[in-house]
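Chain and residue survey
Now for the letters of each chain:
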Amino acid sequence: MAYSNKVIDHYSNPRNVGSFPKDDPNVGTGVVGAPECGDVMKLQLKISDDGVIEDARFKTFGCGSAIASSSYVTELVKGKRLEEAMAIKNSAIVKELNLPPVKIHCSVLAEDAIKAAIGDWQKRKAQTKNGTSRAAEG
Amino acid sequence: MVKLPIYMDNHATTPMDRRVVDAMMPYFCEKFGNAASRNHSFGWEAEEGVDKGRNQVAALINAKAKEIIFTSGATESDNLAIKGVVEFYKDKGNHVITCVTEHKAVLDSCKALERAGKASVTYLRVDKYGVLDPDEVRKAITDKTVLITVMYANNEIGTIHPIAEIGKIAKEKGIIFHCDATQGVGKVPVDVEACGIDLMSLSAHKIYGPKGVGALYVRAKAPRVRLTPIIDGGGHERGMRSGTLNVPGIVGLGAACEIASKEMAEETARVSDLRNKLQAGIFERLDEVYVNGHPTQRLPGNLNVSFAYVEGESLLMGISDIAVSSGSACTSATLEPSYVIRALGTEEELAHSSIRFGLGRFNTEEEVDYVADRVVKEVKRLREMSPLYEMAKEGIDLKSVEWRRD
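Everything quoted here is computed from the prediction, not taken from an experiment. (Residues numbered from 1 in each chain as written. Chains lettered and ligands numbered in written order. Predicted model: local features only at pLDDT ≥ 70, side-chain atom pairs only at ≥ 80, totals over all residues.)

What about the overall build of chain B?
- Regarding its fold elements, chain B presents 13 helices and 13 strands.
- The C-alpha radius of gyration of chain B comes to 22 Å, within 12% of the 22 Å expected for a compact globule of 406 residues.
- Long-range contacts, defined here as pairs at least 24 residues apart, represent 73% of the contacts in chain B between residues at least 6 apart. (Helix = DSSP H or I, 4+ residues; strand = E, 2+ residues; numbered from the N terminus. Rg over C-alpha atoms; globule rule 2.2 N^0.38 Å. Contact = placed C-beta atoms within 7 Å.)

Overview of the domain arrangement of chain B
Residues and elements named next belong to chain B.
- What the domain assignment reports for chain B is domain 1 (6–11 + 264–395) and domain 2 (18–260).
- Taken together, the contacts link 22 residues of domain 1 with 22 residues of domain 2.
- Contributing elements (two or more residues each) for the side of domain 1 that touches domain 2: α8 (247–283), β10 (302–307) and α10 (339–343).
- Looking at which element gives the most residues to the side of domain 1 that touches domain 2, the answer is α10, with three residues.
- For the side of domain 1 that touches domain 2, the class distribution of residues is seven nonpolar, twelve polar and three charged. (Domains from an automatic or database assignment. Nonpolar A, V, L, I, M, F, W, Y, C, P; charged D, E, K, R; others polar.)

Quick word on the interface of chain B and chain A
- Taken together, the contact between chain B and chain A spans 24 residues of the former and 27 residues of the latter.
- Residue assignment for the side of chain B that touches chain A shows that the elements contributing at least two residues are α9 (312–318), α11 (348–351) and α13 (387–393) of chain B.
- Split into classes, the residues belonging to the side of chain B that touches chain A amount to eleven nonpolar, five polar and eight charged.

Some words on unusual backbone geometry
Residues and elements named next belong to chain B.
- At the junction of Leu4 and Pro5, the peptide bond is cis and its omega measures out at -5° in the coordinates.
- For Pro5, the position within the fold is in the segment before β1 (6–7).
- Here Tyr309, not a glycine, exhibits a phi torsion of approximately 75°, which is positive.
- Note on Tyr309: 24 C-beta atoms within 10 Å, which makes it buried. (Buried ≥ 20, exposed ≤ 12 C-beta atoms within 10 Å, placed from the backbone.)

Focus: the nonpolar core
- Residues Leu45 and Ala113 of chain A together with Tyr217 and Ala256 of chain B are the most contacted members of the largest nonpolar core, which totals 156 residues.
- In terms of residue count, α8 of chain B provides more of this core than any other element does, 13 residues in total.
- Mapping this core onto the domain boundaries places at least three of its residues in each of domain 1 (6–11 + 264–395) and domain 2 (18–260) of chain B.
- Discounting chain neighbours no more than four positions away, the residues touching Leu45 of chain A are Val27, Gly28, Ile53, Ala56, Val77, Ala117, Ile118 and Trp121 of chain A. (Core = buried A, V, L, I, M, F, W, Y, C linked by C-beta atoms within 7 Å.)

Digging into the environment of Ala65 of chain B
Residue and element names in this part refer to chain B.
- With respect to the element layout, Ala65 can be found in the loop between α3 (41–61) and β2 (68–71).
- The partly exposed category is assigned to Ala65, around which 14 C-beta atoms lie within 10 Å.
- The spacing of Ala65 and Gly53 is twelve residues in sequence and 8.9 Å in space, taken between C-alpha atoms.
- With near-sequence residues (within four places) excluded, Ala65 lies in contact with Arg54, Asn55 and Ala58.

Side note on the environment of Arg404 of chain B
- Its place among the elements puts Arg404 of chain B in the segment after α13.
- Overall, the presence of 16 C-beta atoms within 10 Å leaves Arg404 of chain B in the partly exposed class.
- Along the sequence, Arg404 of chain B and Arg383 of chain B sit 21 residues apart, while their C-alpha atoms lie 21 Å from each other.
- Every residue in contact with Arg404 of chain B, bar those within four places of it in the chain, is listed here: Val31, Val32 and Ala116 of chain A.

Some thoughts on the sheet that holds strand β3 (residues 95–99) of chain B
Residue and element names in this part refer to chain B.
- The seven strands lie next to each other as β2-β8-β7-β6-β5-β3-β4, forming an open sheet whose pairing is mixed. The sheet is open, and its two edges are formed by β2 and β4 (120–124), each paired on a single side. Between one strand axis and the next, the sheet turns through 20° on average, direction left out of account.
- The pairing of strand β5 (residues 145–149) with strand β6 (residues 176–180) spans three bridges and is classified as parallel. By the bridge assignment, Thr149 is partnered in β6 with His178. (Pairing = 2+ DSSP bridges. Axes fitted to C-alpha atoms, helices over the stretch in contact; angles between N-to-C directions.)

Here we look at helix α4 (residues 90–97) of chain A
Residues and elements named next belong to chain A.
- If you check which residues of α4 are buried, you get Asn90, Ile93, Val94 and Leu97. One side of α4 holds all its buried residues, which, seen down the axis, span an arc of 100°.
- Of the residues one or two after α4, Asn98 is the one with positive phi, at around 55°. (Arc of directions from axis to C-beta.)

Some remarks on the sheet that holds strand β12 (residues 325–326) of chain B
Residues and elements named next belong to chain B.
- Strand order in the open sheet formed by four strands is β9-β10-β13-β12, with antiparallel pairing between adjacent strands. One side of each edge strand has no neighbouring strand; the edge strands of this open sheet are β9 (289–291) and β12.
- One ladder, built from five bridges, connects β10 with strand β13 (residues 354–358); its direction is antiparallel. When the sheet's bridge partners are listed, Val305 is paired in β13 with Ile355.

Quick word on the environment of Ile118 of chain A
All names here are of chain A.
- Looking at the element boundaries, Ile118 is found in helix α5 (residues 104–137).
- For Ile118, a count of 22 C-beta atoms within 10 Å gives the class buried.
- When the C-alpha positions of Ile118 and Lys46 are compared, they lie 9.5 Å apart, and in sequence the two are 72 residues distant.
- Excluding anything up to four places from it in sequence, Ile118 contacts Gly28, Leu45, Leu82, Ala85 and Met86.

Structural data, given as structure tokens:
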């Protein structure tokens, strides 16, 4: 099976590979997939207090299409507001990277990773807020 | 400078040896006769070529010429052996014993018989090296067992089964023993007498011969093995396989067998040295790499390795100027990794991380050095990109993680 040029490009020159410190309060981390399924994506989003994605990092264990999907997603989400990022559908990834049908699950995983990372950030923000208010009460 | 791309997938197929091509050439345009034409010289010279080929194949495996039935390849040979025996001996029994790591040509033949209600099949498990325990075969035998079918050497991990011991058990119990020796023939000494083999499949294109031709060895004496044909027609090949003989292919198969006979000792030593050099070149420079298969009891050209934390297909993509194959099945609809690697009890993630290197007659030391360098470099790059590698380095036990599946 031949890969599309865009998949090859992202695989060969992946954008935004790496990690943010996990304890940074502005970072949301999403880890989706499972090793025994052959795909694990870790997506980290640095989100401003007013809900704009300022930066993104990824690490992926998976085939070339999985790596390309996550690499592309880091570019796609940067500068987006949370509600815009939440609205990203896997079909946009399929279209951009010309993924064949057997690789659609890679794009689904990348969409899930965005939602998981944002969910993590929201959860942490809520906890910080509760923590702060409890501290104030005390 | 090494010439790219490099072919290191010799379990899938082999390039043809020029000497084999030369032997075949006259049989296309000049000696084109039908080997079954008995009344003119065109038929006679074609038959001569076939006879020579039959003798050459027989000599390689210590058989008699008349015990060689030519087929279109090992898949047909496996089908004929398994379906042919079960059909012919149906009054005697209907039980077949095989092994979970067999080639699909064997497994799917067995499954077809089960579906048709013609056989019940026992699929024996293997140990962590992929070896079938002969005692397991003995224990699985019932009074209905008509066939034991076990491969000589595995096509993915190269593990060589204790075939002579299994053959001995089959003889003791009077059960027909079929061996798919597609990967073993021409690579290691295979002797149907010493191993007690009654039926044996082999293929030309795995031993530097042409595609589309193979053979089934069918024992003629002690016992005389009978088969119901799966292809009916003019009654060629002692009635077991009808169809005009593929004369150039048979000549090529014969020539390939003769070269293998003459050069096997030297070639085995050279190819296993190359394999060992490749293995050392990878293992000395990377941590957490594992050999799949038996450490010593394996084919000389086989090296199947799992690179922890790196998915096999992504590694293949990174070394795209090297032809090897992956046990990862990310391209298949099921997303299941290799059933052979999984049968070893290997963790699924390592099964996804496996690569099969298949070295052969035409590989060189320069190629091995290049491949080792490229693989090491690419594995390091992909590990830097792997969340699993990062977690493992942080001391997180990956088995304790609750993964989010779809």
